[in-house]
Amino acid sequence: MASFNKLKNVLVLAFDWILSGAGAADTCQVTVTQPRFQEADSSMHTMFLMCTFSASGCSSSPPEVLWFRFLTNKHEDLCTPGCTDHQKYKVHLSENNISLQINNLTVDDNAVYICGIAFSDSSSPHSKQAGDGTVLTKTGAEKQHSNGKFIFMIIASSLLFLYSTTVFTFFVVYKLKPNLLKKSGNEDQRTENCKISSGRKIFQAIAQELQKQRYAEHCRQPDDLEDDTVYQNR
């Protein structure tokens, strides 16, 4: 980070040498703002890096727009102000909004991009300013492949869970079916036994009733015989 700040300061000082001019208002002051991060997925082939600026006390002429980028161990001049590769880079300016168009975007374009604004007709040290930089990150195909693999693992896990649930259900039914049949048979046997027991009780009740009737008839017979004997003696 320290080396990055040193290089940034060197670039800002270099504006005076690249775009030095005379007869400018000393009150010209420029402020440059950039988003800290911009990300592009693997399907994107064109990227627009945004930059905005505000100027006070400066001339009405359009400023010079410069773009640099910092790689791991070096920096590259992209547009100062003319672009080094017109097929790869293109600068768009609309009032206070600036964009750098990057074509044929690859993971090799991952870097820190610096936007610089300079009013070349001003000698004020604040008339040439640079933004804090935008970190551009393009995800490679390996990340997309990893996401696809992760989705595949989720689907496979879901199917495996459904398969395991089905097998477990059939296993439980297979194991419990004999017990259920046995339990049902036992209940049927109990019902049959209850019917037999109930029939026996009814039969016993009928037999006892018949036995009582026979006993009552047997007890009445001696009285009848005694009445007949008395009648005959008379």
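Reference entry: report on the structure contained in this document. No experiment lies behind these values; they were computed from the predicted model shown. (Residues numbered from 1 in each chain as written. Predicted model: local features only at pLDDT ≥ 70, side-chain atom pairs only at ≥ 80, totals over all residues. Heavy atoms only, no water.)

## Observations regarding the side chain of Lys 128
Alright, step 1. Here Lys 128 shows up in strand 9 (residues 128-130).
Alright, step 2. A distance of 3.4 Å separates polar atoms of two side chains, one belonging to Lys 128 and the other to Ser 127. (Helix = DSSP H or I, 4+ residues; strand = E, 2+ residues; numbered from the N terminus. Polar contact = N/O pair within 3.5 Å; in protein donor to acceptor, adjacent residues only side chain to side chain.)

## Details of the sheet that holds strand 7 (residues 97-102)
Alright, step 1. Strand order in this open sheet of 4 strands is 1-3-7-6, and the pairing throughout is antiparallel. The open sheet terminates on both sides in strands that have one partner only, identified here as strand 1 (29-33) and strand 6 (89-94). Neighbour-to-neighbour, the strand axes of this sheet turn through a mean angle of 20°, independent of strand direction.
Alright, step 2. As paired strands, strand 3 (residues 47-56) and strand 7 are joined by 6 bridges and run antiparallel to one another. Along strand 7, the bridge assignment pairs Thr 52 with Asn 97. (Pairing = 2+ DSSP bridges. Axes fitted to C-alpha atoms, helices over the stretch in contact; angles between N-to-C directions.)

## Remarks on the pattern of salt bridges
Alright, step 1. Scanning the entire structure with this criterion turns up 4 salt bridges.
Alright, step 2. One salt bridge in this structure joins Arg 69 and Asp 109, with 3.2 Å as the shortest N-O distance. One end of the pair, Arg 69, is in strand 4 (residues 64-70); the other, Asp 109, is in the loop between strand 7 and strand 8 (111-118), and 40 residues separate them in sequence. Pair check on accessibility: Arg 69 and Asp 109 agree, each one buried.
Alright, step 3. For Lys 88, the salt bridge is made with Asp 109, and the minimal N-O distance between the two is 2.8 Å. Taken together, the residues Lys 88 in the loop between strand 5 (75-79) and strand 6 and Asp 109 in the loop between strand 7 and strand 8 connect sequence positions 21 residues apart. (Salt bridge = Lys/Arg side-chain N within 4 Å of Asp/Glu carboxyl O. Buried < 20%, exposed > 50% of the residue type's maximum accessible area, 1.4 Å probe, protein only.)

## Re the side chain of Thr 134
Alright, step 1. With respect to the secondary-structure elements, Thr 134 resides in strand 10 (residues 134-138).
Alright, step 2. Residue Thr 134 is classed as buried on the basis of its relative accessible area, which comes to 0%.
Alright, step 3. Among the polar contacts listed, one links the side chain of Thr 134 to the backbone oxygen of Pro 35, at a separation of 2.6 Å.
Alright, step 4. Aside from chain neighbours lying at most four places away, what touches Thr 134 is Gln 34, Pro 35, Arg 36, Phe 37, Gln 38, Leu 49, Met 50, Ala 111, Val 112 and Tyr 113. (Contact = heavy atoms within 4.5 Å.)

## Re the state of the cysteines
Disulfides are covalent bonds that link the sulfur atoms of two cysteine residues.
Alright, step 1. Scanning all chains against the criterion turns up 3 disulfides.
Alright, step 2. A sulfur-sulfur separation of 1.8 Å characterises the disulfide bridge that pairs Cys 28 with Cys 58. Taking the sign of the S-S torsion, about 90° here, the bridge from Cys 28 to Cys 58 comes out right-handed. Here Cys 28 is found in the loop between helix 1 (2-18) and strand 1, whereas its partner Cys 58 is found in the loop between strand 3 and strand 4, with 30 residues between them in sequence.
Alright, step 3. Overall, Cys 28 belongs to the buried group, its relative accessible area being 1%.
Alright, step 4. For Cys 58, a relative accessible area of 21% puts it in the partly exposed group. (Disulfide = S-S within 2.5 Å.)

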